[in-house]
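Listed here are the chains, written in short residue letters.
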Amino acid sequence: MSLTLLSLFIPTFFFVSITPGMCMTLALSLGISIGVKRSLHMMWGELIGVGLVAASAALGVAAIMLNYPEVFTILKWGGGAYLCWLGYEMFCSRGKLVITEPGEQKQAVSGLQLATNGFLTAVANPKGWAFFVTLLPPFIDADLPMAPQLAILVALILLLEFICLLIYASGGKLLKHLLMERNNVRLMNRIAGSLMILVGLWLALGK
């Protein structure tokens, strides 16, 4: 691939990824509630979703998907309602994603559940599909083989996305430590729950 294109591609997609959005807000919320290490499960699910969307956009599948908004409607409302419910449970200090008081037993949340949350958040967002359809094709050289270019670009997208998810989850963990110094467990659950509800509403009501 052209080094000139890559030198433009990397900062462009890093800026897009680091901008606050649904997936980054989800990473921040989970960083607060379960920490960076456990949040990795959500991240690999989200990265699978992002990779699927990016590859589909480059291959033209996204153009077909965007012509059938009812598919997104089902995913958006179902995924959004589920995330809102999780957020409500966290806000009320119930469920598996809450921060427990000292001495309390913490409920385990499965890695598959976290991965599913990340995958749905990435795939059910029509803006994500439209974004990749618009921004990805200009970085593909029509005179060169498609497969190697697509592999490189998708790999770079996933790497940049993963770095940004780690940054947000680490920020959530830092916020947790700052609040833990004052033993504000309930406040942390309410912050994390509010962020989760925000992601759910964003997903369900976004256009």
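Everything discussed here concerns the structure shown above.
So, here's what we can say about the structure. Since this is a predicted model, take the numbers as computed values, not measurements.

1. A word on the overall build of the chain
In step 1: Of the regular secondary structure elements, the chain holds 9 helices and 0 strands.
In step 2: Of the regular secondary structure in the chain, the N- to C-terminal order runs α-α-α-α-α-α-α-α-α.
In step 3: Relative to its full complement of 207 residues, the chain shows a buried share of 45%.
In step 4: Long-range pairs, those at least 24 residues apart, make up 84% of the contacts in the chain between residues at least 6 apart in sequence.
In step 5: Accessible surface for the chain amounts to roughly 10400 Å². Of this, 70% is attributable to carbon and sulfur atoms.

2. With respect to the packing of aromatic side chains
In step 1: For the structure on display, the rule yields 5 aromatic pairs.
In step 2: Ring plane angle 80 degrees and centroid distance 5.2 Å describe the contact between F9 and F139, whose orientation is recorded as edge-to-face. Pair noted here: F9 is in helix α1 (residues 3-18) and F139 is in the loop between α7 (126-135) and α8 (146-180), with a separation of 130 residues, a long-range link.
In step 3: We classify F9 as buried; its relative accessible area is 0%.
In step 4: For F139, a relative accessible area of 9% gives the class buried.
In step 5: Here the aromatic cluster, defined as three or more aromatic residues joined through ring pairs, consists of F9, F13, F132 and F139.

3. A few points about the nonpolar core
In step 1: Ranked by internal contacts, the top residues of the largest apolar core, which has 51 residues, are F9, F13, M42, F132, L136, I157 and L165.
In step 2: Those elements giving two or more residues to this core turn out to be α1, α2 (22-33), α3 (35-59), α5 (69-91), α6 (111-123), α7, α8 and α9 (185-205).
In step 3: In terms of residue count, the dominant contributor to this core is α8 (11 residues).
In step 4: If we ignore the near neighbours within four places in the chain, the residues touching F9 are L136, F139, L153, L156 and I157.

4. Observations regarding a nonpolar patch on the surface
In step 1: Together, F14, L159, I163 and I167 make up an exposed nonpolar region whose accessible area comes to about 320 Å².
In step 2: The element best represented in the nonpolar patch is α8, accounting for 3 residues.
In step 3: In this structure, I167 sits in helix α8.
In step 4: Overall, the relative accessible area of 43% leaves I167 in the partly exposed class.

5. Let's talk about the side chain of T25
In step 1: Here T25 lies in helix α2.
In step 2: A polar atom in the side chain of T25 sits 2.7 Å from the backbone oxygen of G21.
In step 3: If we skip the residues at most four places from it in the chain, T25 touches L195, L198, V199 and W202.

6. Some words on α9
In step 1: Along its 21 residues, α9 runs 30 Å from first to last C-alpha, staying within 8% of the 30 Å computed at 1.5 Å per residue.
In step 2: Within the sequence span of α9, burial applies to V185, M188, N189, A192, G193, L195, M196, V199, G200, L203 and A204.

7. Some details on the packing of α1 against α7
In step 1: Between α1 and α7, the least distance of the axes is 13 Å, while the angle of their chain directions is 165 degrees. With respect to α7, the axis of α1 lies roughly antiparallel. When the axes of α1 and α7 are compared, the crossing they make is right-handed. Where α1 approaches α7, its residues T12, F13 and V16 are matched on the opposing element by F131, F132 and L135.

8. A few points about the environment of K173
In step 1: You can see K173 is positioned in helix α8.
In step 2: Through-space distance from the C-alpha of K173 to that of L28 is 8.0 Å; in sequence the pair is 145 residues apart.
In step 3: Apart from residues lying up to four places away in sequence, K173 is in contact with G31, I32 and V36.

The rules behind each value
For every chain, the first residue of the written sequence is number 1, and numbering continues from 1 along that sequence. In keeping with the model being predicted, local features are shown solely for residues with a pLDDT of at least 70 and side-chain atom pairs are shown and tallied solely at 80 or more, while totals for entire chains, interfaces and linings include all residues. Calculation of side-chain values draws on the structure's entire complement of heavy atoms; hydrogens and water are dropped beforehand. Helix and strand definitions follow DSSP, with helices as H or I runs of at least four residues and strands as E runs of at least two, each counted in order from the N terminus. When a residue's accessible area, from a 1.4 Å probe over protein chains only, is under 20% of the maximum for its type it is buried; when over 50% it is exposed; and in between it is partly exposed. Contacts are assigned to residue pairs that have any heavy atoms within 4.5 Å of one another. For every accessible area listed, the method is Shrake-Rupley and the probe measures 1.4 Å; residues are considered covered only by the protein chains on display. Pairing of aromatic rings covers Phe, Tyr and the six-membered ring of Trp, with a centre-to-centre limit of 6.5 Å; geometry is then stacked below 30 degrees between planes, edge-to-face above 60, and tilted otherwise. Joining through side-chain atoms within 4.5 Å is the link that ties buried Ala, Val, Leu, Ile, Met, Phe, Trp, Tyr and Cys residues into a set, and such a set is a nonpolar core. Only residues whose relative accessible area exceeds 30% and that form no salt bridge enter a patch; like-charged residues are grouped when within 9 Å of one another, and nonpolar side chains (Val, Leu, Ile, Met, Phe, Trp, Tyr) when within 5 Å. One speaks of a salt bridge when a side-chain nitrogen belonging to Lys or Arg is within 4 Å of a carboxyl oxygen belonging to Asp or Glu. Under this definition, polar contacts are N or O atom pairs within 3.5 Å; protein pairs additionally need one hydrogen-donor-capable and one acceptor-capable atom, and for neighbouring residues in sequence, both atoms have to be side-chain atoms. Here the expected span of a helix is defined as 1.5 Å times the quantity of residues minus one. In this description, a line fitted to the C-alpha atoms serves as the axis of each element, helices being fitted only across the stretch in contact, and the angle between N-to-C directions of two axes falls anywhere from 0 to 180 degrees. An angle counts as roughly parallel when it lies under 35 degrees, as roughly antiparallel when it exceeds 145, as roughly perpendicular when it falls between 65 and 115, and as oblique in every other case. Left-handed describes a crossing whose near helix is turned anticlockwise from the far helix by less than a right angle; the clockwise case is right-handed.

It is worth stressing that arrangement in space is one thing and function is another; only the former is reported here.
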